[in-house]
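# Geometric and topological summary
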Amino acid sequence: MSLDGCRTRDADEAHRTVSPNPIGLLAGSGRLPIVFAEKARGLGLPVVCVGIRCETAPELATMVDRFYWAGVARLGRMIRCFKREKVQRIVMAGKITKAVMHTPWRVLRLLPDLRMFRFWYRRLLDNRDDTVLLGLIAEFAADGIHFESALDLCPELLVPAGILTRRKPTVSEEKDIAFGWQLAKEMGRLDVGQSVAVKERAVLAVEAIEGTDRAIARAGELCRSGGFVVVKVAKPQQDMRFDVPTVGRLTIENLHRAGGRVLAIEADKTILLDQVETVELANRYSISIVALSRSDAA
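Treat the numbers as computed from the prediction; the structure is a model and nothing was measured.

### As for the sheet that holds strand β7 (residues 195–199)
- Strand order across the open sheet formed by six strands is β6-β13-β11-β9-β7-β8, with mixed pairing between neighbours. Here the strands that pair on one side only, and so sit at the sheet edges, are β6 (162–163) and β8 (202–206).
- As paired elements, β7 and β8 share four bridges and run antiparallel to each other. Following the sheet pairing, Lys199 is matched in β8 by Ala202.
- Its contacts with the sheet put helix α7 (residues 171–189) on β7, β8, β9 (229–232), β11 (262–266) and β13 (288–292), and the angle it makes with β7 is roughly 150°.

### Brief notes about the pattern of salt bridges
- By the definition in use, this model includes 20 salt bridges.
- In this structure, Arg66 engages Glu85 in a salt bridge whose closest nitrogen and oxygen atoms are separated by 3.4 Å. With a gap of 19 residues between them, Arg66 in strand β3 (residues 66–70) and Glu85 in the loop between α3 (75–84) and β4 (89–93) connect regions that are remote in the sequence.
- In this structure Arg66 comes out as buried when scored by relative accessible area, which is 11%.
- Of the residues examined, Glu85 reaches a relative accessible area of 12% and is grouped as buried.
- Asp243 is paired through a salt bridge with Lys235; the nearest N and O atoms lie 3.1 Å apart.
- Among the residues examined, Asp243 registers a relative accessible area of 29% and is labelled partly exposed.
- A network of salt bridges, in which partner residues are shared, links Lys83, Arg115, Glu139 and Asp143.

Conventions and cut-offs
- Residues numbered from 1 in each chain as written.
- Predicted model: local features only at pLDDT ≥ 70, side-chain atom pairs only at ≥ 80, totals over all residues.
- Heavy atoms only, no water.
- Pairing = 2+ DSSP bridges.
- Helix = DSSP H or I, 4+ residues; strand = E, 2+ residues; numbered from the N terminus.
- Contact = heavy atoms within 4.5 Å.
- Axes fitted to C-alpha atoms, helices over the stretch in contact; angles between N-to-C directions.
- Salt bridge = Lys/Arg side-chain N within 4 Å of Asp/Glu carboxyl O.
- Buried < 20%, exposed > 50% of the residue type's maximum accessible area, 1.4 Å probe, protein only.

Right under this line is the structure:
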């Protein structure tokens with residue numbers, strides 16, 4: 001049992017030994033933490049992971065050398081777990097459901113520790129993604145733990161420029177891509193979201209706190225005829241250590257369900273998970289996936 005009263009896998013299986021300089025993994029939901037852990041294991045790199053409760057896939061615990069659970073508001077525990085394992089460099093991977101900060105009785109539900117209380121309520125800035133995440137990075141750095149990009153280890157996850165699917169965007173869809181690209185970049189500059197849904201140069205949905213998947217679903221509800229375009233880009237000020245645009249099979253499933261026909265993403269700035277399977281799924285649904293550079297989209 002840990003000092004926080006939470007049992008960890010390594011406390012039950014104290015037979016593993018981690019090398020002096022493991023990589024830390026702060027894991028949220030989705031496939032990216034699993035892909036990172038698989039890559040690190042293939043390279044023989046030891047990984048110490050802190051998984052966020054109600055977000056991280058439980059099977060990740062079997063893929064790393066040490067695994068701890070922590071509540072999303074248990075900042076002090078996260079830092080202590082990594083320090084206990086002598087972690088000095090760390091990556092952030094996976095999504096966190098930010099909307100939990102607006103749940104009723106959030107203090108009782110999330111049970112923030114003292115470190116989180118001090119971090120959250122002493123800040124004088126806003127609660128946009130970059131503000132919060134850069135603040136968290138500074139908190140870890142104060143304890144000698146420094147964030148790096150998961151893409152330093154997995155650069156192959158970034159999608160190159162080109163049309164990835166059999167179906168190409170139509171001329172009308174290309175106009176929607178160009179229109180949506182500028183809007184998405186502006187939303188990114190404002191740190192509102194990364195995605196917009198467009199049809200006939202009209203905006204159907206703009207991603208905010210709900211995330212891309214729910215923004216796509218909302219676009220489908222508002223555009224019953226379907227055939228819309230989703231544009232997802234990196235922020236102009238994108239920090240590649242966190243919140244890098246990510247798409248995969250689930251994105252395509254949601255786009256198909258909502259009636260969308262095109263997914264336009266930013267080349268060399270977007271993670272495409274399970275690329276072969278994702279492209280095959282898009283081909284099956286006759287959905288276009290196109291990766292554009294900034295000059296292509298201009």
